[in-house]
Amino acid sequence: MVSRRNFLAAAGAAAALTAGGKALGACGGADGLRAVACAGGRRFGAAASTPVLGREPALADLYARECSALTPEWELKWAQIQKTPGQFHFAAIDRLAAFARRHDMILRGHTLLWHLDMPDWLIADLGRDTWARLIERHIHAVCGRYRQDFFCWDVVNEAVQTEDGRSDGLRDSPWLRAAGPAYVETAFLLAAEAAPGVRLVYNDFGLAGSSQWVRGRQTAVLRLLERLRGRDVPVHALGMQAHLRVGDEYDQRVMADFLREVEAMGVRPVISELDVTTDRVEGAAAKDAAAARLARHVLDVVLGETACDTVVTWGLADPQSWIRRRRPEARPLPFDDNLRPKPLYEAIRAALAAAPPLPA
């Protein structure tokens, strides 16, 4: 274990590596999420898709005002960017990168390896003798092209699935079946080679809580990080997706203990995909109030007890949400259908404002 003070001192000494050598971006207006986060040495951002920003100027303006970081929602997933072997489709992500540059935003790369959104040809071609070559070609092409644009990459996404019954907790995915556990290490080493000086992130869900299921996932992720860090694999941050659900267990002490163990390995926790499901609550006003309380409860732990310097929501306004596509009544994001701020917005803002400033 290390204290938060000692971790922050170490993090400050290694700032060029852990921050990917990128600035926070312009702080923006006086009191928006972008400005409040920046005042504490942090960045606030959201996931976005190129078509939505292109056809909804009011929403695009909202991103420019509130966000200093932008995550591509789908443009970098394998089935979108390499639909056929060796043929890369960069037009959509190029447009998103241009939007970010115009508004002095930094970009999060999401994601290089995932068990979903894999094209059929990739699954068919994966094998013991081919997996390393396929990963190398993909990572070098994508990271190499955007070396100057992205301050971090979600290198491997959702490699843990404790229900699959493996002793190491890894997911029984096409990647694991082809390569064994080595694919995770290989992906990080290749990303470090293709994008030197950029923050490299392991990203996963089911970590911001305290139920028995969450604790099992936390343990599996800690074991994975311990193995990787023990082999000097460059994993710089843990992306906690934080898809929260009102009514689940959220013991702040359990979460704080988990986060301290992550930091003890020299890995920085970040919030990478925040939203709140309120299907157990009736009525829009009650849903909004419950979502705000829960988000504040969790963010106070992450921002108050760790060197977390990034908070990203998975979308900015409710109509964008993947949860809305499943539940039409859902209200999981900081802005409503009319782009008005909700209690969740105020909760995120208050948590960012209350968090201790990070070292410059």
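These notes cover the structure that comes with them. Since this is a predicted model, take the numbers as computed values, not measurements.

**What to know about the overall build of the protein**
What the protein contains, in helices and strands, is 16 helices and nine strands. Relative to a compact globule of 360 residues, whose C-alpha radius of gyration would be 21 Å, the protein shows 19 Å and is just as compact. Over its C-alpha atoms, taken along the principal directions, the protein stretches across nearly 55 × 45 × 40 Å. Buried positions account for 59% of the 360 residues belonging to the protein. Looking at the protein alone, contacts between residues at least 24 apart form 77% of all its contacts between residues at least 6 apart. The distance from the centre of the 45 positive side-chain charges to the centre of the 44 negative ones in the protein is 2 Å.

**Some thoughts on the nonpolar core**
Core analysis: the largest hydrophobic core is formed by 107 residues, its most contacted members being W153, Y183 and Y202. Tallying contributions element by element places helix α14 (residues 284–305) first for this core, with nine residues. Setting aside residues up to four positions removed in sequence, Y202 forms contacts with V156, E158, A159, V160, F188, V221, L224, L225, V235, A237, L238 and G239. Within the second largest apolar cluster, six residues are counted, among which are I106, F151, C152 and V201.

**Details of helix α9 (residues 131–145)**
Side chains three or four residues apart in an α-helix point the same way, a direct result of the helix having 3.6 residues per turn. Taking 1.5 Å per residue, 15 residues should reach 21 Å; α9 reaches 21 Å between its end C-alpha atoms and fits that length. Among the residues of α9, W131, L134, I135, H138, I139, V142 and C143 are the ones counted as buried. Projected down its long axis, α9 shows its buried positions confined to an angular sector of 120°, all on one face. In this structure, the buried side of α9 is in contact with α6 (78–81), β3 (106–114), α8 (120–125), β4 (150–157), α10 (174–179) and α11 (182–194).

**Concerning the environment of A291**
Structurally, the position occupied by A291 is in helix α14. A sequence separation of 51 residues divides A291 from K342, and the C-alpha atoms of the two residues are 9.7 Å apart. Residues within four places of A291 in sequence aside, it is in contact with V246, V276, T278 and L344.

**Overview of the side chain of R331**
By the element assignment, R331 lies in the loop between α15 (322–326) and α16 (343–354). A relative accessible area of 19% means that R331 is categorised as buried. Polar side-chain contacts of R331 include one of 2.8 Å to the side chain of D288. Aside from chain neighbours lying at most four places away, what touches R331 is V276, A284, K287, D288, D318, D336 and K342.

What counts and how
Residues numbered from 1 in each chain as written. Predicted model: local features only at pLDDT ≥ 70, side-chain atom pairs only at ≥ 80, totals over all residues. Heavy atoms only, no water. Helix = DSSP H or I, 4+ residues; strand = E, 2+ residues; numbered from the N terminus. Rg over C-alpha atoms; globule rule 2.2 N^0.38 Å. Buried < 20%, exposed > 50% of the residue type's maximum accessible area, 1.4 Å probe, protein only. Contact = heavy atoms within 4.5 Å. Lys, Arg positive; Asp, Glu negative; His and termini not counted. Charge placed at Lys NZ, Arg CZ, Asp CG, Glu CD. Core = buried A, V, L, I, M, F, W, Y, C linked by side-chain atoms within 4.5 Å. Expected span 1.5 Å × (residues − 1). Arc of directions from axis to C-beta. Polar contact = N/O pair within 3.5 Å; in protein donor to acceptor, adjacent residues only side chain to side chain.

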